[in-house]
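A closer look at the structure
So you can see what is in the structure, the chains are spelled out below.
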Amino acid sequence: MEIFIALLKGLLPVAYLICLWFYGQLFFSADETKQSRWAKLSVAIAVCMHTALLFSLAAQYHRCPLWTQGEALLFLAWMLAIVHLLSEWSADTRRLGFFTLGPAAFCATVALSFLGKELMLDAQYRSSWFIFHIVASLAAYAAFSLAAVLAALYLTLHRKLKLKTFDLTFRKLPPLDKLDKLSAMWSFLGTLLMLASTVIGVWWVRRDGLHGMSPREIGIFVVLAIFLFTAAARRTLGWRGRRHAIWILAGFAALVLANLAGLHGFHF
Amino acid sequence: MILNAPSQPQVFVLGANHLTASVSLRDRLLLDEKSIQEFAETLLKDGVVKELSILSTCNRSEIYGMAEDPKAARTHIENAWAARRNVSEDEIRTHGYFLSETEAIRHLFRVMGSLDSMVLGEMQILGQVKDSYQLASQNGWTDFYLNHIFQSGFHTGKRIHSETTIHEGAVSISYAAVELARKVLGDLRGRVVGVVGAGEMGELAAQHLHKAGARSFLFFNRSMGPAERMAAAFGGESRLLSELQEHMGQCDIVISATGAPDIVITREHVQGALRHRHGRPLFLVDIAAPRDIDPLVGEIENTFLFTIDDLKNAVSGNLELRRQEAHKAEAIVEEEAARIESWSRALGVVPVLRTLREKYQAITDREIEKWAAGQPPELRTHLESLGRGLLNKFLHAPTTRLKQLGEQGDGSRASYYADLLFALAREEKQHGD
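None of the values given here were measured: they were computed from a predicted structure.

**Quick word on the domain arrangement of chain A**
Residues and elements named next belong to chain A. Each assigned domain of chain A is listed here: domain 1 (1-120) and domain 2 (125-268). Just the C-alpha atoms count here: the centres of domain 1 and domain 2 sit 21 Å apart. In this complex, domain 1 contributes 26 residues to the contact, which on the side of domain 2 involves 26 residues. When the two sides are added together, the surface that domain 1 and domain 2 hide from each other amounts to roughly 2,200 Å², 80% of it contributed by carbon and sulfur.

Quick look at the structure:
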């Protein structure tokens, strides 16, 4: 098992790099049919390897591989790849794979260098509610990441339209309306998942008698507030397009900052 | 006696196109489906032309054929064409072209790849060639050679379509407006289009938008007559220009093409319209000269304004890109033409291969007959199977090698030595006797 895990750990970044290569070719070259086939195959292989690694780690540790930062990051990378596949399947965004899979490849590579180096979490955290909380959070992060990538692409295309720059990126990007709707959809989904995760987290903390409020919790509440406001403003004030994209990017930046603040600081 | 390949028919093309002939000559050379049927049958009747396919569109009329003597075929076709249509042989000769062998194949592949089209990259031609080939094939005018060449041509056309972007990007002003609208709004089905002014340009843009799926049109004009006429043509509504501000909020796309000397759509008009749009983007195209829409409109949030100069830039950019992609397409044509050339060369060894197989098949059959006489039928089946297997294995290497030599252009020398080594000619002569 250890050899298999070591092999997967070595091959996974390579698999993601190959994916990015083919998706890059798909975006930047003319021969889309051929590149699309290779991109589809490469992402299927990378996701299968990633899934196999997560299952192997679970089998080796006899628990969900979510307890350390490295494991959580590896799981986040997997969620990002899944979210990319869902988007590709539901909204035909394969052309954007170079951008939407980029965060997955980055997180997976960073996670692998952290794996097995950290201390285990305290026994208090070994609750099944913790797993629900983490999975919902990571799914929300993945949805927010995709929304942020789409929002950034929206702003890129918006700028090109305003400046009348009809270059390759202009031609390859999907319509503004599609980018706007997709980023709104993924940010709303992320908001729902983040809300679910927060509710589970608060319930679990209260049940187990944990207390405390660290910068991370404050940051997450700020993130939630930004995304809830963005969704509400879109619906009620008609804040679509550029303004909406900027708010999504602001929310995502707040999310990154909140996570840089470190882990939860509860005490018992 | 050494075996000689029977004289192999050569491919040729005789025709005239937009580069070589005037519109009036092209019109006179044009053949409709019925004329093509009669003309093809006339040409094939006396055997000078062995196979043919006739392509006739407004930009080109071409006859692709196979003949043992292409020069004779050329004269024959020119005479028949001149007799059928109101043209002289001299006109065809002066304003047309005649190409044979690799040049003809390359020409066909360039046509199919839309490299020879009036608008570079206009892929409609591939469908037209397909139709003409289908007609020829259904009537039995094509056979082994032309079938193979046309199939390779379709493959070349598909490769050019999928491996290059030669067909991408609008190359007309009004279609460029539609493409930009799609870039902003996505699917145009169900979008509301407002056309300001009832001029030709506005009508052309409306036509393209209608084709792209837009179904709700509002036509604004100073007088109701022209607006009503356009509304009737596109199934929309007509309004007076003075009502524009009131209705602009409903429109997703506004195309302005009036002859007015002053600004017709101001920043205030658009800001007012956006209040009713709940953040939905507004796409505006100003194709009037002088301008109809205040340039400051382009600075408003969720508003995208394009002028005729922007559209011209988009078109020229697309044309330049098509020209760049044409280099890649030419390389594909060369690659595929070279493949056909090597296939054609390999055909030179086909008679030797056929004789070789026939000779050894006959030997095998005789031996099986000798050993199977008076034996149970199962044994005959086994012997036949053994004979077939051995024959295939023994002949595999010489067959492959002969084909390779043929493809490399050494077909005659290879045939000569194969004939000497396997005594094919003598055997044929004995059988002939």
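**Overview of the domain arrangement of chain B**
Segmenting chain B into domains produces domain 1 (10-163), domain 2 (173-301) and domain 3 (348-432). Look at where the C-alpha atoms of domain 1 of chain B and domain 2 of chain B centre, and you get two points 45 Å apart.

**Here's the deal with the pattern of salt bridges**
Opposite charge on two side chains makes pairing possible when the charged atoms of those side chains draw close. Residue and element names in this part refer to chain B. According to the stated counting rule, one finds 37 salt bridges over all chains in the structure shown. Here R74 and E78 are joined by a salt bridge, their closest N and O atoms 3.0 Å apart. Of this pair, R74 and E78 are both found in helix α3 (residues 70-84), 4 residues apart, which corresponds to roughly one turn of the helix. R74 sits in the buried class, given a relative accessible area of 19%.

**Comments concerning the packing of aromatic side chains**
All told, the structure shown has 30 aromatic pairs over all chains when counted by the stated rule. Ring centres of F98 of chain A and F99 of chain A lie 5.4 Å apart, and the angle between their planes is 85 degrees; this geometry places the pair in the edge-to-face category. You can call F98 of chain A partly exposed: its relative accessible area is 31%. Judged by its relative accessible area of 23%, F99 of chain A falls in the partly exposed class. Note on F229 of chain A and W239 of chain A: the rings are 5.5 Å apart at their centroids and 85 degrees apart in plane angle, and the pair reads as edge-to-face. Here F229 of chain A is found in helix α9 (residues 215-236), whereas its partner W239 of chain A is found in the loop between α9 and α10 (241-260), with 10 residues between them in sequence. Three or more aromatic residues link up through ring pairs in this structure, and these residues are F27, F28, F98 and F99 of chain A. Above the face of the F304 of chain B ring, K162 of chain A is positioned so that its terminal group lies 5.1 Å from the ring centre. Stacked on the ring of F306 of chain B, the Lys or Arg K164 of chain A has its end atom at 5.4 Å from the ring centre.

**As for the sheet that holds strand β9 (residues 282-286) of chain B**
Residue and element names in this part refer to chain B. Here we have 6 strands laid out as an open sheet, ordered β7-β6-β5-β8-β9-β10, and parallel in their pairing. This sheet does not close on itself; its edge strands, each paired only once, are β7 (237-240) and β10 (303-307). Ignoring strand direction, the axes of neighbouring strands in this sheet form an average angle of 20 degrees. One ladder, built from 4 bridges, connects strand β5 (residues 192-196) with strand β8 (residues 253-256); its direction is parallel. Residue pairing across strands places G194 opposite V254, the latter belonging to β8. With respect to the sheet, helix α10 (residues 224-234) is in contact with β5, β6 (216-221) and β7, its orientation differing from that of β7 by roughly 160 degrees.

**Some points on the interface of chain A and chain B**
Opposite the 27 residues of chain A that make contact, chain B presents 28 residues. Summed over both sides, the interface between chain A and chain B buries roughly 2,000 Å², with carbon and sulfur atoms accounting for 55% of that surface. Applying the counting criterion to the chain A and chain B interface returns 3 salt bridges. Two residues, R242 of chain A and E301 of chain B, come together in a salt bridge whose shortest N-O distance is 3.4 Å. Those elements that provide at least two residues to the side of chain A that touches chain B are α2 (32-61), α6 (128-163), α7 (168-172), α8 (176-207), α9 and α10 of chain A. For the side of chain A that touches chain B, the class distribution of residues is 10 nonpolar, 5 polar and 12 charged.

**A short note on the sheet that holds strand β4 (residues 97-100) of chain B**
Residue and element names in this part refer to chain B. Read from one edge of the open sheet, 4 strands run β2-β3-β1-β4, paired in antiparallel fashion. Because the sheet does not close on itself, it has two edges, and the strands there are β2 (51-56) and β4. Within this sheet the neighbouring strands show an average axis-to-axis angle of 15 degrees, counted without direction. Pairing of strand β1 (residues 10-17) with strand β3 (residues 60-67) involves 8 bridges; the strand directions are antiparallel. Paired with N17 across the two strands is R60, which belongs to β3. Helix-sheet contacts for helix α2 (residues 33-45) involve β2 and β3, and the interaxial angle to β2 is about 150 degrees. Against the sheet, helix α6 (residues 124-138) touches β2 and β3, its axis set at about 140 degrees to β2.

Basis of the calculations
Residues numbered from 1 in each chain as written. Chains lettered and ligands numbered in written order. Predicted model: local features only at pLDDT ≥ 70, side-chain atom pairs only at ≥ 80, totals over all residues. Heavy atoms only, no water. Domains from an automatic or database assignment. Contact = heavy atoms within 4.5 Å. Buried area = accessible area lost by both parts, 1.4 Å probe. Salt bridge = Lys/Arg side-chain N within 4 Å of Asp/Glu carboxyl O. Helix = DSSP H or I, 4+ residues; strand = E, 2+ residues; numbered from the N terminus. Buried < 20%, exposed > 50% of the residue type's maximum accessible area, 1.4 Å probe, protein only. Phe/Tyr/Trp six-rings, centres within 6.5 Å; stacked < 30°, edge-to-face > 60°. Lys NZ or Arg CZ within 6 Å of the ring centre and 35° of its normal. Pairing = 2+ DSSP bridges. Axes fitted to C-alpha atoms, helices over the stretch in contact; angles between N-to-C directions. Nonpolar A, V, L, I, M, F, W, Y, C, P; charged D, E, K, R; others polar.

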